[in-house]
Amino acid sequence: SPGMRDHQDVDPGHRHFSSLVSLHPLDHINPHSTPSVFAAAKQTLDWKMSHGGGHTGWSAAWAGCLYARSGQAEGVQRMIQKVMGRYSLPNLLTTHPPLMQLETQQKCGTAFR
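The next subject is the confidence of the model for the protein chain. Across the protein chain, the average pLDDT comes to 84, with 81% of residues at or above 70. Across residues 109-113 the pLDDT falls below 50, and counting only partners more than four positions away or on other chains, this stretch makes 20 contacts in the model.

So, in structure tokens, the structure goes:
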């Protein structure tokens, strides 16, 4: 049948939060006008983070914004500590996980380890 249905997420801790863009930055999801969708967005964020989400500097910063938009102050604090403690240099530039070169015949030969 058409519409939404359950599926298995093959990478639940992936660094992107694209499915939550309507929560932040778009602000289409909120507790007043879309309470059930808001609750589902909070659950999605918590689930993704419990599976290792937010493991790059920019992803942790995005997660912090999502936590703020969803009213979860503890999550905001954790992400600030993560970004400042793990992903920031003394000059406040951010770092990124190491990249490795792959031996491949394809044009794109860089990946995260």
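Picking up where we left off.
Spanning 16 residues, helix α1 (residues 35-50) covers 22 Å between terminal C-alpha atoms, matching the ideal 22 Å at 1.5 Å per step. Restricting attention to buried positions, one finds in α1 the residues F38, A41, L45, K48 and M49. Looking down the long axis of α1, one finds its buried residues gathered within 95° of arc, a one-sided arrangement. Exposed residues pointing more than 90 degrees away from the buried face of α1 are listed as S36, Q43 and S50. Of the surrounding elements, those touching the buried residues of α1 are α2 (57-69) and α3 (73-86). Looking at the residues trailing α1, positive phi occurs at G52, about 95°.

What counts, and at which threshold
- Residues numbered from 1 in each chain as written.
- Predicted model: local features only at pLDDT ≥ 70, side-chain atom pairs only at ≥ 80, totals over all residues.
- Heavy atoms only, no water.
- pLDDT = per-residue confidence, 0-100.
- Contact = heavy atoms within 4.5 Å.
- Helix = DSSP H or I, 4+ residues; strand = E, 2+ residues; numbered from the N terminus.
- Expected span 1.5 Å × (residues − 1).
- Buried < 20%, exposed > 50% of the residue type's maximum accessible area, 1.4 Å probe, protein only.
- Arc of directions from axis to C-beta.

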